[in-house]
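The chain contents come next:
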Amino acid sequence: MSCNPSFGGIGKGHLMREVDALDGLCARICDQSGVHYKVLNRCKGPAVWGLRAQIDRKLYKENMQKEILNTPLLTVHEASVEDLLLMEPEPDRPGKCQVSGVILGDGSRVHAGSVILTTGTFLRGMVFIGLKIHPAGRLGDQPSIGLAQTLEKLGFAVGRLKTGTPPRLAKDSIDFSVLERHTADNPPVPFSFLSEAVWIKPEDQLSCYRTLTNGKVERIIHDNLHLNNHVRETTRGPRYCPSLESKVLRFPNRIHQLWLEPEGLDSNVIYPQGMSMTLPPELQEQVIACIHGLEKAKMVQPGYGVQYDFLDPRQLSTSLESRLVQRLFFAGQINGTTGYEEAAAQGVIAGINAGLRVSGKPPFIISRTEGYVGVLIDDLTTLGTNEPYRMFTSRVEFRMSLRPDNADSRLTLRGFEEAGCVSQQRYAQTSRMKAALEEAIAVLKSLQFTATKWSRLVPEAPISTSRSSLASALDILQYTEVTMELLARAIPEPLRKFADWRELAERLKIEAVYEWHVANQQQEIEEVRRDEALKLPENLDYFAIDASLSQEVREKLDSNRPQTIGAVSRIPGITPAAIVNLLRFVKTNQQRTEHLKHSRIGRPLPEGNTFGKSTFQNSSLSCAS
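Going by the annotation in an unreviewed UniProt entry, the name recorded for the protein is 5-taurinomethyluridine-[tRNA] synthase subunit MTO1, mitochondrial, with Chelydra serpentina given as the source organism. Reading the Cofactor (unreviewed entry) entry of the UniProt record for the protein gives the comment "FAD".

Dropping the structure here:
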């Protein structure tokens, strides 16, 4: 864990669950090493909940190394890779050559049937602190130069990205008594499907604390921009995790929140999330001293920036194998992504496919309809990226069905049968759960009564007694007030056995809630296909319309000015989810405009452009309210 001491989050927690469903390690290790577990987005539906945890760095490293070093048939060799061993390409496959191994820093060779490169920020990495620049992939670690040169000579399109990390603070120098405390969940929710509970007792979890920036911080940053090479560089940094300097420049006269996160149970180090800086160390100390609760805080390591090479991921197939060099796979930041979770998701897919390639078996591909991993890889390999790519739920058009709770049902059985990457234990557990879900849903659908009878059986359900059609137990379970336990009390036979299995009962509740939404979502996707020719208003102000679109999508739409919904789908970086939301907005406003036109028939029209830009936008707001 080279940067922040946390895993998961909104969108990222989905990737963790999917990596776990394919028997990846990081979720299980997090359940053995976390000190603060929290499910984000609880105010919304389970489809967009974000499992997150603060991790003890020392414990994570120990547990991960123990797991890796005890893995049968796995040899671990610590060394720097400086070059690739290459040979003639296989016929009838794309690529100018094929890789046959690597050359290490000491000149020794390791031969391999497939090679995976996961270079992180080390590919020609440069560290920035103030005006000082020196070669490094991480503070104190040498960059990878020879490998970068080899990849460039082979003809790979190379780009440059940047990221940063905040200063670390001494825990015993912070006044937590004046800060806003945020406690962990009780009980904590594990990442892994194999974990019944996490390792730590709920009451032993550590808290996080929130503080805020202020005008003094902004003044120090503005007055010293000339001493900050990293911020002045034109290299693109992470849009959704910017440095403190970038936030001050992009959003002037604003207060920004900072999260003080523990690095471990026995650690005296605090990670100030949101305070990534590359100012000279003495100025970083001035910024820290201006912040509430940190007036006397001691900086144990300054923040710094890193610039590094990445390769255009459009040079990869969806198996993450290079199109230029056969049997060479890439995963992680070398593909333009940011974050542990995105790297882990690519790593597990690249690892699976590298093994299948050696065995002569077809690749293991996850589509956009099957998982967040599929969306991530499809976005990268078809659209590419010019800034560090981060996973969000908004990128996923099928997010109602691609939920954290059902990642095992979606991926584990495929992983076992097609890729051989899943253990027998996990396969058996998932098969048992899948069979139980199917049986329980069938039973719930078969129990059908009138609304009046349901009101007597489950008075907590706010069902209208005027409803004429029969309602199933699955319909009743959709109500917020109803649980499997309530249904089992009303109808013990045959529902009691399902209610007593806690994990099953929780998943049945979620399945009931999303049954209609999943079907409706499929209809929306079909709607986009039918309405590709729908024309968009030429004067549409994408920054003002009341539609569920990210700022990034609005910028792309405003820049490209597409004429039809079909044209929107061909803009790089526009997600299918954004297309659905834009289509819904435009159709709703067209219907409202038509209604207004018909209502004015027979009346004199007022002067001016009644149905112009301002009316279109104003009507959208009233329609959405």
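Additional details are given in the paragraphs that follow.
## Examining the pairing of strand S17 (residues 304–311)
Of all 8 residues in S17, 8 are buried; the element is thus mostly enclosed. In the sheet, strand S8 (residues 126–129) pairs with S17 via 3 bridges, with the strands oriented antiparallel. Its bridge partner being in S17, valine 127 is matched across the sheet by valine 306. Pairing geometry for strand S10 (residues 158–165) and S17, over 8 bridges, is antiparallel. Paired with leucine 161 across the strands is tyrosine 308, a residue of S17.

## Quick notes on a nonpolar patch on the surface
A cluster of nonpolar side chains, Leu69, Leu74 and Val76, forms an exposed patch at the surface whose accessible area comes to about 290 Å². The topology assignment puts leucine 69 in helix H3 (residues 57–69). Judged by relative accessible area, leucine 69 falls into the exposed class, the value being 57%.

## Overview of unusual backbone geometry
In this model, asparagine 186 is joined to proline 187 through a cis peptide bond whose omega is 5°. By secondary structure assignment, the location of proline 187 is in the loop between strand S12 (180–182) and strand S13 (208–212). Of note, the bond from glutamate 493 into proline 494 is cis; its omega dihedral lies within 30 degrees of zero at 20°. Mapping proline 494 onto the fold places it in helix H16 (residues 492–500). Phi angles above zero are rare outside glycine, and aspartate 23 is one such case at about 75°. Here aspartate 23 lies in the loop between helix H1 (12–21) and helix H2 (26–31). Phi is positive for arginine 561, close to 50°, though the residue is something other than glycine. Within the secondary structure, arginine 561 is located in the loop between helix H18 (551–560) and helix H19 (565–569).

## Here we look at the sheet that holds S10
Strand order in the open sheet formed by 4 strands is S9-S8-S17-S10, with antiparallel pairing between adjacent strands. Since the sheet does not close on itself, it has two edges, and those belong to strand S9 (132–135) and S10, each with one partner. On average, each strand axis in the sheet is tilted by 25° relative to the strand beside it, whichever way the strands run.

## As for the packing of helix H12 (residues 424–446) against H16
Relative to each other, H12 and H16 sit at 145°, their axes nearing to 11 Å. Every pair of crossing elements has a handedness; the one defined by H12 and H16 is left-handed. The segment H12 lies against H16, with Glu439, Ala440, Val443 and Leu444 engaging Pro494, Leu495, Lys497 and Phe498. Residues belonging to the contact of H12 with H16 are distributed by class as follows: 6 nonpolar, no polar and 2 charged.

## Some details on the layout of surface pockets
Within this model, the second largest pocket holds a volume of roughly 1100 Å³. As for the second largest pocket, its lining consists of 33 residues, and the residues nearest its centre are Arg17, Val189, Arg502, Glu503 and Glu506. Mapped onto the lining of the second largest pocket, the elements with two or more residues apiece are H12 and helix H17 (502–530). In terms of residues, the lining of the second largest pocket owes the most to one element, H17, which gives 7 residues.

## Section: the nonpolar core
The tendency in soluble globular proteins is for nonpolar side chains to be buried side by side. Ranked by size, the top nonpolar core spans 67 residues in total, and within it Phe7, Leu151, Leu328, Phe330 and Ile349 carry the most contacts. Element by element, the count of residues in this core is highest for helix H9 (residues 340–359), at 8 residues. Counting residues in each nonpolar core, the second largest holds 30 residues, with Val458, Ala471, Leu487 and Leu495 among its members.

## Focus on the pattern of salt bridges
Pairs can form between side chains of opposite charge once their charged atoms are near each other. Taken as a whole and judged by the stated rule, the model has 37 salt bridges. Ionic pairing is found between arginine 410 and glutamate 18, a salt bridge with its closest N-O pair at 2.9 Å. Here arginine 410, found in helix H11 (residues 407–419), pairs with glutamate 18, found in helix H1; they are 392 residues apart in sequence, far enough to count as distant. For the pair shown, arginine 410 and glutamate 18 are each scored as buried. Taking the shortest distance from any N to any O, the salt bridge between aspartate 379 and arginine 368 comes out at 2.8 Å. Here the residue aspartate 379 occupies a position in helix H10 (residues 372–383), and arginine 368 occupies one in the loop between H9 and H10, the gap between them amounting to 11 residues. Overlapping salt bridges bring together Asp20, Asp23, Arg28 and Arg426 as one network.

Cut-offs applied
- Every chain begins its residue count from 1, and numbering advances along the sequence as written.
- Residue-level local features of this predicted model are given only where pLDDT is at least 70; pairs of side-chain atoms are given and counted only at 80 or more, and the full residue set underlies all totals for whole chains, interfaces and linings.
- Heavy atoms from the whole structure form the basis of all side-chain values; hydrogens and water molecules are not counted.
- UniProt positions are given in the numbering used here, feature names are shortened, and annotations may be inferred rather than shown by experiment.
- Relative accessibility decides the category of a residue: with a 1.4 Å probe and only protein chains considered, values under 20% of the type maximum give buried, values over 50% give exposed, and everything between is partly exposed.
- Where helices and strands are cited, they refer to DSSP runs of H or I of at least four residues and of E of at least two residues respectively, numbered from the N terminus.
- Paired strands are those between which DSSP finds at least two bridges.
- Note that patches include only residues with greater than 30% relative accessible area and no salt bridge, and the join distances are 9 Å for like charges and 5 Å for nonpolar side chains (Val, Leu, Ile, Met, Phe, Trp, Tyr).
- Here, Shrake-Rupley sampling with a 1.4 Å probe gives the accessible areas, and only protein chains in the shown set may cover a residue.
- Each salt bridge in this description consists of a side-chain nitrogen of Lys or Arg and a carboxyl oxygen of Asp or Glu lying within 4 Å of one another.
- To obtain an axis, a line is fitted to C-alpha atoms, over the contacting stretch when the element is a helix, and the angle between two such axes runs from 0 to 180 degrees between their N-to-C directions.
- Less than a right angle of anticlockwise turn of the near helix away from the far helix marks a crossing as left-handed, whereas a clockwise turn marks it as right-handed.
- Every residue pair with non-hydrogen atoms within 4.5 Å of one another is taken to be in contact.
- Amino acids outside the nonpolar list (Ala, Val, Leu, Ile, Met, Phe, Trp, Tyr, Cys, Pro) and the charged list (Asp, Glu, Lys, Arg) are all regarded as polar, and Gly is one of them.
- Cavities and pockets were defined on a 1 Å grid built over protein atoms only: a cavity is a set of grid points that admits a 1.4 Å probe from which the probe cannot escape, a pocket is an open set flanked by protein on both sides within 12 Å along at least five of seven lines, and lining residues are those with an atom within 4 Å of any such point.
- Grid points are joined across faces, edges and corners, and a volume is the space filled by probe spheres set on the points.
- Buried Ala, Val, Leu, Ile, Met, Phe, Trp, Tyr and Cys residues form a nonpolar core when they are joined through side-chain atoms within 4.5 Å.

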